Amino acid sequence: MEHPFYVMVDCNNFYVSCERAFNPALERRPVVVLSNNDGCIIARSEEAKALGIGMAEPAFKRRAFFLSNDVTVFSSNYALYGDMSSRVHGVLSRFTPEIEHYSIDECFLLLHTKNRKRLFSLAHQIRQQVRQWTGIPVCVGIAHTKTLAKVANRLAKKRPNSGGVWILDDPTQIEQELAILEIEDVWGIGRRNSKKMHAMGVKSALDLTQRTHEWIRKKLTVCGLRTVMELQGIPAIPMEEEPPTAKSITCSRSFGVRITNLSELQEALSCYVQRATEKLRSRKLQAGAVQVFITTARLSDDPQYSNIGTLPLQTPSSYTPELQAKAQTILKDLFRSGFRYQKVGVLLLELVPENGRQLTFNDFLDDSNSKQNKPLMKALDAINQRHGRGTLHFASSGTGKKRWHMNQNKLSKRFTTTWSELPIAFAR
DNA sequence: TCTGGGGTCCTAGGACCC
DNA sequence: TCTGGGGTCCTAGGACCC
């Protein structure tokens, strides 16, 4: 029986392409997008790459370079990128119902055609339609496993003669390509394991496939074994069409400046708990436990301290004040004076669906889940959704100037998610 | 001065029980 | 006082991804 084809569709320089879609003057010019807090470089146009700007470089080291080379710089605008991502997904869904929204800029599709010519033509249609309907350029890589499809996508991007599409299904060609693929460029083999492999003489993807499964299993665990099987053409990583329900929700930010006093940490944490609980409710979930962490700046010469604490809830809840109280209790316990803190964060754990959860005896003792909390949170979320995040917030997140607030000095407009700014061409 | 944020999964080791 | 092995559950830490 024929194996189906895994099709990896990857948006080119996605964040840069999103910015360009609404500002065509940026075409053919060096453009970069910075991480949250304007910390480091996380997306580069081809022109920026050609100037030698590296991935994940700290932005501050390049400030002068940006100016002298006329590089356009953006703070990351996730409201825009997230919305563009779902538009791309929408276009791709028209080609097959078997689609996995793998990451903000990548989708896997499963196609069952055996006709190679037809496959090629479909791949080109995909590119053309996504470009035309969203403004985003993509490359398409096709193979019999997800991991090989990622390799194929890489070739579609790198080989000048690819036309943005690469099918990697011929065993001889697969072997040739794996022989020149550095092990650190294999999907699933990260920095640490690459180093480990190099030390043991495994340098290329092909080297890896020539070790026994037992050896791989022992050195790289079952995850590494799945990767190796996939490189050998045996599907081991299935499609996930339904996004699995979240197991945790995090909100954390690095501060704009270092923070030393508890009260400002409390404000920041309060803000993050509000965001995290909003996310929780929007996904119709409740949390069974709250975790808080704080940390000083890892890369500075300051005295270092970081710590983490967890508190369970009596019964799962999505009621902000209740989770807030737990989080603040943990923070007070973790806080030590005399340190310059860089970051605080909250994790909501043990998530369960808000409906369909078995009621327990505790539910009848616990008034935080009582009927009047739900409408309150619902009203809060509705107002913030309609009038913008943070319109209504808790006093505990502070009313004065927020020194801890992250830097975002180069933010573009939220073109697609603020109705007044929605360009006609993209209205549906 | 300034180096992201949000996720998932696996494993080893300790606690505990029988 | 001496003495065993196996199972489960939990957690911290490490690895990966984009």
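Structure's up top.
Computed from a predicted model, the values in this text were never measured in an experiment.

J.: Would you explain the sheet that holds strand 8 (residues 165–167) in this entry?
T.: Hydrogen bonding along the main chain pairs the strands of a sheet, whether they run parallel or antiparallel. Spatial strand order, 5-6-1-7-8: 5 strands in an open sheet with mixed pairing. Bordering the open sheet on either side are strand 5 (99–103) and strand 8, each of which pairs with just one other strand. Strand-to-strand twist of the sheet, defined as the mean angle between neighbouring strand axes without regard to direction, takes the value 20°. Alignment of strand 5 against strand 6 (residues 106–111), held across 4 bridges, turns out to be antiparallel. When the sheet's bridge partners are listed, I99 is paired in strand 6 with L109.

J.: Explanation requested: empty space enclosed by the protein in the structure shown.
T.: It is the rolling of a water-molecule-sized probe over the atoms that shows where space remains empty. Taken as a whole and assessed by the stated rule, the structure comprises 2 cavities of 30 Å³ or more. Its boundaries defined by the atoms lining it, the largest cavity holds a volume of some 50 Å³. Among the elements of the structure, strand 1 (5–11), helix 4 (78–93), strand 5 and strand 6 are those that each provide at least two residues to the lining of the largest cavity. For the lining of the largest cavity, a count of residues per class yields 5 nonpolar, 4 polar and 2 charged. The computed volume of the second largest cavity comes to approximately 30 Å³. Every residue lining the second largest cavity is listed: Q274, T277, E278, R281, T320, L380, N384, L392, H393 and F394. Elements with a contribution of two residues or more to the lining of the second largest cavity: helix 11 (262–282) and helix 14 (373–387). For the lining of the second largest cavity, the element with the most residues is helix 11, which contributes 4 residues. Here the residues of the lining of the second largest cavity sort into 3 nonpolar, 5 polar and 2 charged.

J.: What is the right way to look at the sheet that holds strand 4 (residues 72–75) in this model?
T.: If you walk across this open sheet you meet the 3 strands as 3-2-4, and the pairing is mixed. Two strands in the sheet have a free side with no partner beyond their single neighbour: strand 3 (41–44) and strand 4. With strand direction ignored, the average angle separating the axes of adjacent strands in the sheet is 25°. Taken together, the 3 bridges between strand 2 (residues 31–34) and strand 3 define a ladder with antiparallel strand orientation. By the bridge assignment, V32 is partnered in strand 3 with R44. Against the sheet, helix 1 (residues 14–21) engages strand 2, strand 3 and strand 4, with an angle of about 115° to strand 2.

J.: Honestly, the protein's contact with DNA strand C in this entry has me stumped. Any pointers?
T.: Close contacts around DNA strand C come from 13 residues, with S103, D105, G188, G190 and N193 the closest. Sugar plus phosphate, as a fraction of atoms of DNA strand C within 4 Å of the protein: 100%. D105 is positioned with one of its side-chain polar atoms (N or O) 2.6 Å from a sugar or linking oxygen of DNA strand C. Every element with two or more residues in the surface near DNA strand C is listed here: strand 5 and helix 8 (191–199).

J.: Where do I start with the pattern of salt bridges in this structure?
T.: Proximity of charged atoms lets side chains of opposite charge pair with each other. One pass over the full model with this rule turns up 14 salt bridges. One salt bridge connects E278 with R275, and the closest N-O pair in it is separated by 3.0 Å. Pair noted here: E278 and R275 are both in helix 11, with a separation of 3 residues, about one helical turn. Here the two residues E278 and R275 agree in accessibility, since each one is buried.

The rules behind these values
Sequence order as written defines the numbering, with residues in each chain counted from 1. Numbering of ligands from 1 and lettering of chains from A proceed in the order in which they are written. The model is predicted, so local features are restricted to residues of pLDDT at least 70 and side-chain atom pairs to those at 80 or more, both for listing and for counting; the totals for chains, interfaces and linings are taken over all residues. Think of the side-chain values as coming from all heavy atoms in the structure, minus any hydrogens and water. When DSSP finds two or more bridges between two strands, those strands count as paired. Numbering of helices and strands starts at the N terminus; helices are DSSP runs of H or I of at least 4 residues and strands are runs of E of at least 2. The axes are straight lines fitted to the C-alpha atoms, using for helices just the contacting stretch, and the angles between their N-to-C directions are given from 0 to 180°. Throughout, the protein atoms alone are placed on a 1 Å grid, and a set of points is a cavity if a 1.4 Å probe fits but cannot get out or a pocket if it is open with protein on both sides within 12 Å along at least five of seven lines; lining residues have an atom within 4 Å of a point. Grid points are joined across faces, edges and corners, and a volume is the space filled by probe spheres set on the points. All amino acids are sorted into three groups, where Ala, Val, Leu, Ile, Met, Phe, Trp, Tyr, Cys and Pro are nonpolar, Asp, Glu, Lys and Arg are charged, and the leftover types, Gly among them, are polar. Residue contacts are counted whenever heavy atoms from the two residues lie within 4.5 Å of one another. Throughout, the term near means that a residue has one or more heavy atoms lying within 4 Å of the molecule or strand in question. Two N or O atoms form a polar contact when they lie within 3.5 Å of each other; inside protein one atom must be a possible hydrogen donor and the other a possible acceptor, and for residues adjacent in sequence the pair counts only when both atoms belong to side chains. Any carboxyl oxygen of Asp or Glu that lies within 4 Å of a side-chain nitrogen of Lys or Arg is treated as forming a salt bridge with it. Exposure is judged per residue with a 1.4 Å probe applied to protein chains only, and the accessible area is read against the type maximum: over 50% gives exposed, under 20% gives buried, and values in between give partly exposed.

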